[in-house]
2 protein chains.
Amino acid sequence: MVQKKDLVGADKAEGKRRGRPRAYAPDVAIGQALSLFRRTGYAATSLDDLSAATGMNRPSLYGAFGDKRALYIKSYHRYRDDYTAGAVDIFNADIDIRERLTRFLTLALDIHMTGEAGPSGCFTVMTVASDAIADPEIRALVREGFKDIDDAFVWCFRTAIARGELPDTIDVTVRAQMASAMIYLSAVRSRAGMPRAEIEATLVGAVEQLCQA
Amino acid sequence: MVQKKDLVGADKAEGKRRGRPRAYAPDVAIGQALSLFRRTGYAATSLDDLSAATGMNRPSLYGAFGDKRALYIKSYHRYRDDYTAGAVDIFNADIDIRERLTRFLTLALDIHMTGEAGPSGCFTVMTVASDAIADPEIRALVREGFKDIDDAFVWCFRTAIARGELPDTIDVTVRAQMASAMIYLSAVRSRAGMPRAEIEATLVGAVEQLCQA
DNA sequence: CCATTATTGTGCGAGACGGTACGAAAATCA
DNA sequence: TGATTTTCGTACCGTCTCGCACAATAATGG
């Protein structure tokens, strides 16, 4: 949970920094903060908890990332970056619609299932369900996140039509949003503690249903 | 937000109580607590907030419902009761599968859209996304809630097959869970602030898709 | 009219919380 | 070595938090 004090490698790109070296790697700390935020949510996660999880004391935490809200937003961006990194391969792969949807939903399930103390679910859904959604900036991030997923699935179905795998009579928008809904299902049920196999079976069945002509 | 001090009618069924009369109606207070919990979540809602929302001071709140956790659980039961009350009519109605699914999803959307300061979403999804999910009892309640909705949709599709509206070759379980997923979509997107018409259009399209032979 | 019962509401106390000031520590630079 | 720069880490502030003690209040019972 806590970073090692030595061998941080914080000064990888830039030349030797002037003062006392940092005892942490900022990107590692963000990852640990993200883990904790995902497990316990925004309000229930204290700065002391974050301090313990990152191995940084509160002032360092504040100095490096700003206040709790700023750290949360940085964690959110980290989450999104991790997510999209995994999605790129699926976009580029030369596979049919069933395979593509399956990979997307499996990727989501993988992410939702991660967590040191049980599955943590989807950070975006966590955020929308928290009081943090009252914050306009966070609200905008969340909506953007949902839209990106919708767009990804729209692209999937359009590509499938272009490849002749589905007729162009289907309602691409509706199918894409139903696929998004299956991600919400994965998020919610994984966090509720339902067994992975059960959720996976549902997703597989949904893919089949969504790929019907 | 705050209950009127007079004309409570707390002593409706039981005979005259002995001591000083209550300045609140317990069921009204639970409803107000539920509203607040739905808006701000478990951790971010303080007893002071609940006190202000119900018009009861903290000691009365504590004496009447126990601590915050107990009040949350009571609020959850209230939410479920309200929900199921609306669902009964839909179960009993002599309507086809499209109409039945539409009514269920519209009922869900109605609930998710309620809230004094914008849509509050689904209390069950809020709970699963909060740190309260670490509590075994609350966890069990949530899973039970999800299962009930699944079962309701399974019943819908089975009934549709029995009425000859759908072939018995469809995967009832998968379709039911996809319908549940559309409820999660309603919950998540309403709280994210997406316009009702947009969500409604998605639900309508999904019903059509789910009722395809 | 007084005792009894039940609730109200002020107000307290110990602790957690977010955030920050300030001196100690550890590096580089001259 | 000594000055400078940057970070670390203790210690602290004001506020909020939950939960409860205790007296005032308002009803009923005799």
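Since this is a predicted model, take the numbers as computed values, not measurements. (Residues numbered from 1 in each chain as written. Chains lettered and ligands numbered in written order. Predicted model: local features only at pLDDT ≥ 70, side-chain atom pairs only at ≥ 80, totals over all residues. Heavy atoms only, no water.)

Visitor: Can you lay out the protein's contact with DNA strand D for me, pointing to particular residues and giving the numbers?
Guide: Looking at DNA strand D, there are 28 residues lining it, with Arg 17 and Ser 60 of chain A together with Leu 47, Arg 58 and Tyr 62 of chain B nearest. Taking the atoms of DNA strand D that fall within 4 Å of the protein, sugar and phosphate contribute 70% of them. One of the backbone N or O atoms of Arg 20 of chain A is found 2.9 Å from a base oxygen in DNA strand D. For DNA strand D, a sugar or linking oxygen lies 2.9 Å from a polar atom in the side chain of Arg 18 of chain B. Among the elements of the structure, α3 (58-65) of chain A together with α2 (47-54) and α3 (58-65) of chain B are those that each provide at least two residues to the surface near DNA strand D. Tallied by class, the residues present in the surface near DNA strand D amount to 8 nonpolar, 6 polar and 14 charged. (Near = heavy atom within 4 Å. Polar contact = N/O pair within 3.5 Å; in protein donor to acceptor, adjacent residues only side chain to side chain. Helix = DSSP H or I, 4+ residues; strand = E, 2+ residues; numbered from the N terminus. Nonpolar A, V, L, I, M, F, W, Y, C, P; charged D, E, K, R; others polar.)

Visitor: Residues and numbers for the protein's contact with DNA strand C, please.
Guide: Around DNA strand C sit 27 residues in total, of which Leu 47, Arg 58 and Tyr 62 of chain A together with Arg 17 and Ser 60 of chain B are the nearest. Each atom of DNA strand C within 4 Å of the protein was assigned to sugar, phosphate or base; sugar and phosphate come to 72%. One of the backbone nitrogen or oxygen atoms of Arg 20 of chain B is found 3.3 Å away from a base nitrogen of DNA strand C. In the environment of DNA strand C, a phosphate oxygen lies 2.7 Å from a nitrogen or oxygen atom belonging to the side chain of Ser 60 of chain B. Those elements giving two or more residues to the surface near DNA strand C turn out to be α2 (47-54) and α3 of chain A together with α3 of chain B. Of the residues that constitute the surface near DNA strand C, the class distribution is 7 nonpolar, 6 polar and 14 charged.

Visitor: Quick rundown of the relation of the copies chain B and chain A? Include the residues and the values.
Guide: Note on the identical chains: chain B maps onto chain A by a rotation of 180 degrees and an axial translation of 0.0 Å, with an RMSD of 0.1 Å. Between the two chains, the operation in question is that of a two-fold axis. In this assembly, 100% of the residues forming the interface of chain B have copies in chain A that are likewise at the interface, indicating an isologous arrangement. (Least-squares fit on C-alpha atoms with pLDDT ≥ 70 in both. Contact = heavy atoms within 4.5 Å.)

Visitor: Account for the packing of helix α8 (residues 172-191) of chain A against helix α8 (residues 172-191) of chain B, with residues named and values stated.
Guide: One can describe the packing of α8 of chain A onto α8 of chain B by two numbers: an axis separation of 8 Å at closest approach and a directional angle of 85 degrees. Judged by the angle between their axes, α8 of chain A and α8 of chain B are roughly perpendicular. For the pair α8 of chain A and α8 of chain B, the contacting residues are Gln 177, Met 178, Ser 180, Ala 181, Met 182, Tyr 184, Leu 185, Val 188 and Arg 189 of chain A in the first and Gln 177, Met 178, Ser 180, Ala 181, Met 182, Tyr 184, Leu 185, Val 188 and Arg 189 of chain B in the second. When its residues are assigned to classes, the contact of α8 of chain A with α8 of chain B shows 12 nonpolar, 4 polar and 2 charged. (Axes fitted to C-alpha atoms, helices over the stretch in contact; angles between N-to-C directions. Parallel < 35°, antiparallel > 145°, perpendicular 65-115°, else oblique.)

Visitor: Before we move on, could you go through the interface of chain B and chain A and cite the residues and values that matter?
Guide: Contacts between chain B and chain A engage 35 residues on the former and 35 residues on the latter. For the pairing of chain B and chain A, the buried interface totals around 3,100 Å² over both sides, and the portion due to carbon and sulfur atoms is 65%. The closest approach of N and O atoms between Arg 189 of chain B and Asp 150 of chain A, which form a salt bridge, is 2.8 Å. Counting every contact that joins chain B to chain A gives 10 residue pairs in polar contact (both at pLDDT 80 or more). When contributions to the side of chain B that touches chain A are tallied by element, the ones reaching two or more residues are α6 (123-129), α7 (136-162), α8 and α9 (196-210) of chain B. When residues in the side of chain B that touches chain A are grouped by element, the largest group, 12 residues, is from α8 of chain B. Residue composition of the side of chain B that touches chain A, grouped by class: 20 nonpolar, 8 polar and 7 charged. (Buried area = accessible area lost by both parts, 1.4 Å probe. Salt bridge = Lys/Arg side-chain N within 4 Å of Asp/Glu carboxyl O.)

Visitor: How would you explain the packing of aromatic side chains if you had to name every residue and give the values?
Guide: If you walk through the whole model with that rule in mind, you get 22 aromatic pairs over all chains. Centroid distance Tyr 42 of chain A to Tyr 72 of chain A: 4.9 Å. Interplanar angle 80 degrees. Geometry classified as edge-to-face. One end of the pair, Tyr 42 of chain A, is in the loop between α1 (26-40) and α2; the other, Tyr 72 of chain A, is in helix α4 (residues 68-92), and 30 residues separate them in sequence. For Tyr 42 of chain A, a relative accessible area of 17% corresponds to the buried category. Given a relative accessible area of 2%, Tyr 72 of chain A falls into the buried group. Seen in terms of ring centroids, Tyr 79 of chain B and Phe 123 of chain B are 5.6 Å apart; in terms of plane orientation they differ by 70 degrees. Their pairing is edge-to-face. Of this pair, Tyr 79 of chain B sits in helix α4 (residues 68-92) while Phe 123 of chain B is found in helix α6, placing the two residues 44 residues apart along the sequence. (Phe/Tyr/Trp six-rings, centres within 6.5 Å; stacked < 30°, edge-to-face > 60°. Buried < 20%, exposed > 50% of the residue type's maximum accessible area, 1.4 Å probe, protein only.)

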